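Next come the chains, spelled out residue by residue.
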Amino acid sequence: MVCTPLSDENLRLAAQIGVTDIVGRYPGNEFEDLQRMDDQVAKFGMKLSVIEGYLPMDRIRLGQPGREEDMETMIKFVRNMGKLDVPVLCYHFVGRDDWTRTSWNVEDRGGALVSEFNLDDFDAPDDEGAPTTDDHAWVGLEYFLNVILPVAEDAGVKLAMHPADPPISPLYGLSRVFCDVPAFDRLCEMSDSPSNGICFCGGCFSEMGVDVPATIRRFGDRITFAHFRDVVGVVPKFQETFHDKGQTDMAEAMRAYKDIGYTGLMRPDHVPRLEGEQGEGTGYSMMGRLFAVGYMRGLMHALGVK
Ligand SMILES: [Mn+2]
């Protein structure tokens with residue numbers, strides 16, 4: 001589970017509901033930065049197992065001057081992860097914003113608040129001077145993988161590519177190549193390294209309108225990390241919802257993970273904002289996650305997965 005903020009209170013809540021592994025956001029590039037986060041999680045009997053979000057690699061994604069400097073930072077960080085046995089690095093190759101929505105306050109069940117994306121409501125200027133073609137993005141990715149994969153393999157770290165959310169390209173005038181299944185096939189074809197993997201964000205694949213359980217089975221052992229989430233609607237318009245009322249057969253999705261022999265890490269992704277919750281943005285509030293983890297564990301136990 002991801003805890004936002006990563007406070008002792010939230011970590012205690014996670015431990016109480018049976019969470020075993022924690023997903024942390026990029027904490028900084030000194031060894032001590034990651035060690036501090038690792039220690040904080042360990043204090044509650046859990047393990048820091050994934051880093052995702054806020055990675056300092058924008059210039060790599062955008063092919064901008066200074067990307068070598070970002071590369072050095074990423075190399076050092078992956079080595080730090082290896083030293084502390086943090087096995088998964090979740091990243092994306094979208095040039096701006098981890099995820100984009102046009103509303104954060106759509107009412108769902110009982111007035112719980114969820115986010116929505118509607119291309120008709122999207123109104124943002126294009127970035128200037130940034131790459132606008134898919135070719136740029138693929139060349140940039142090839143540069144990144146060629147350098148980072150040997151380092152990651154050596155460190156025992158697996159990379160997990162997250163889809164563009166929403167899976168629409170371009171946005172802000174920037175090419176976003178990870179919007180469909182063939183893009184992930186191409187990623188897999190770029191390297192057979194065990195460190196070259198996919199973050200299967202079920203929400204994003206649901207937004208694409210593909211058969212989610214079938215796509216989990218299709219990617220199989222190339223999945224190195226899983227985001228468990230669902231939506232209602234497909235691009236260009238969809239909204240988020242609770243795990244038990246989206247458009248995907250989530251029990252079948254969990255069964256697909258069992259069938260492919262998935263033993264990796266899985267976390268609930270964006271959740272509705274529930275009564276009384278302030279602070280963190282919609283999708284990253286805490287109470288909805290407690291519901292989500294209970295739902296996921298229920299599915300797992302029904303399938304005989306511990
Ligand atoms: Mn996700």
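Anyway, here's the lowdown on the structure attached to this text.

The rules behind these values
Residues numbered from 1 in each chain as written. Predicted model: local features only at pLDDT ≥ 70, side-chain atom pairs only at ≥ 80, totals over all residues. Heavy atoms only, no water. Donors = N, O, S within 2.8 Å, 3.2 Å for Na, K, Ca; no water. Helix = DSSP H or I, 4+ residues; strand = E, 2+ residues; numbered from the N terminus. Core = buried A, V, L, I, M, F, W, Y, C linked by side-chain atoms within 4.5 Å. Buried < 20%, exposed > 50% of the residue type's maximum accessible area, 1.4 Å probe, protein only. Pairing = 2+ DSSP bridges. Axes fitted to C-alpha atoms, helices over the stretch in contact; angles between N-to-C directions. 1 Å grid on protein atoms, 1.4 Å probe; cavity = no way out; pocket = protein on both sides within 12 Å on 5 of 7 lines; lining within 4 Å. Points joined across faces, edges and corners; volume = space filled by probe spheres on them. Nonpolar A, V, L, I, M, F, W, Y, C, P; charged D, E, K, R; others polar. Contact = heavy atoms within 4.5 Å. Expected span 1.5 Å × (residues − 1). Salt bridge = Lys/Arg side-chain N within 4 Å of Asp/Glu carboxyl O.

**Describing the coordination of the manganese ion**
Alright, step 1. Protein coordination at the manganese ion comes from H162 (NE2), C201 (SG), H227 (ND1) and D269 (OD), with a distance range of 2.1 to 2.5 Å.
Alright, step 2. Each donor residue of the manganese ion belongs to the same chain, with the gaps between them written as H-x38-C-x25-H-x41-D. Of this pair, H162 sits in strand β6 (residues 158-162) while H227 sits in strand β8 (residues 223-228), and the two are 65 residues apart along the sequence.

**Topic: the nonpolar core**
Alright, step 1. Ranked by internal contacts, the top residues of the largest apolar core, which has 70 residues, are I51, L89, Y91, L141, F144, I148 and F178.
Alright, step 2. Element by element, the count of residues in this core is highest for helix α5 (residues 134-155), at 10 residues.
Alright, step 3. Core analysis: the next-biggest nonpolar cluster, separate from the first, contains 11 residues, V2, C90, A160 and C199 among them.

**Things to note about the sheet that holds strand β10 (residues 237-240)**
Alright, step 1. Pairing in this open sheet of four strands is antiparallel, and the strands run β4-β5-β10-β9 from one edge to the other. The open sheet is flanked by β4 (103-107) and β9 (231-234), the only strands paired with a single partner. If you compare each strand with its neighbour and ignore which way they point, the axes differ by 25° on average.

**Here's the deal with the layout of surface pockets**
Gaps left between atoms are located by rolling a probe of water-molecule size over the structure's atoms.
Alright, step 1. As a volume, the largest pocket reaches approximately 600 Å³.
Alright, step 2. Along the wall of the largest pocket there are 27 residues; nearest its centre are T20, G264, M266, M300 and K306.
Alright, step 3. Secondary structure elements with two or more residues in the lining of the largest pocket: β1 (21-24), β2 (47-52), α9 (250-259), β11 (266-268) and α10 (287-302).
Alright, step 4. It is α10 that provides the largest number of residues to the lining of the largest pocket, a total of four residues.
Alright, step 5. Among the residues forming the lining of the largest pocket, the class breakdown is 16 nonpolar, six polar and five charged.
Alright, step 6. Around the second largest pocket sit 29 residues that line it, and R25, Y54, D98, W99 and Y284 are the ones nearest its centre.
Alright, step 7. Top element by residues in the lining of the second largest pocket is strand β3 (residues 88-92). It accounts for three residues.

**Observations regarding the sheet that holds β6**
Alright, step 1. With respect to topology, seven strands assemble into an open sheet ordered β1-β2-β3-β6-β7-β8-β11, the strand pairing being parallel. In the strand order of this sheet, the two ends are held by β1 and β11, each with one partner. Adjacent strand axes in the sheet meet at a mean angle of 25°, parallel and antiparallel pairs treated alike.
Alright, step 2. Sheet topology note: the β8/β11 ladder contains three bridges and is parallel. Residue H227 lies in a different strand from β11, and its bridge partner there is R267.
Alright, step 3. This element, helix α6 (residues 181-190), spans β3, β6 and β7 (196-201) of the sheet and lies at about 155° to β7.

**Notes on helix α2 (residues 31-42)**
Alright, step 1. Here α2 spans 16 Å end to end across 12 residues, near enough to the 16 Å set by a 1.5 Å rise per residue.
Alright, step 2. Close packing links the buried residues of α2 with α1 (8-16), β1, β2 and α4 (67-83).

**Looking at the pattern of salt bridges**
Alright, step 1. Scanning the entire structure with this criterion turns up 23 salt bridges.
Alright, step 2. In this structure, R109 and D244 form a salt bridge, with 3.1 Å as the shortest nitrogen-oxygen distance. Remark: D244 occurs in the loop between β10 and α9 and R109 occurs in the loop between β4 and β5 (113-118); sequence separation between them is 135 residues.
Alright, step 3. Looking at R109, the relative accessible area reads 38%, which means it is partly exposed.
Alright, step 4. Take D244: its relative accessible area is 36%, and that puts it in the partly exposed class.
Alright, step 5. When salt bridges that share partners are traced, they join E52, R101, D165, E207, R229, E240, R267 and D269 into one network.

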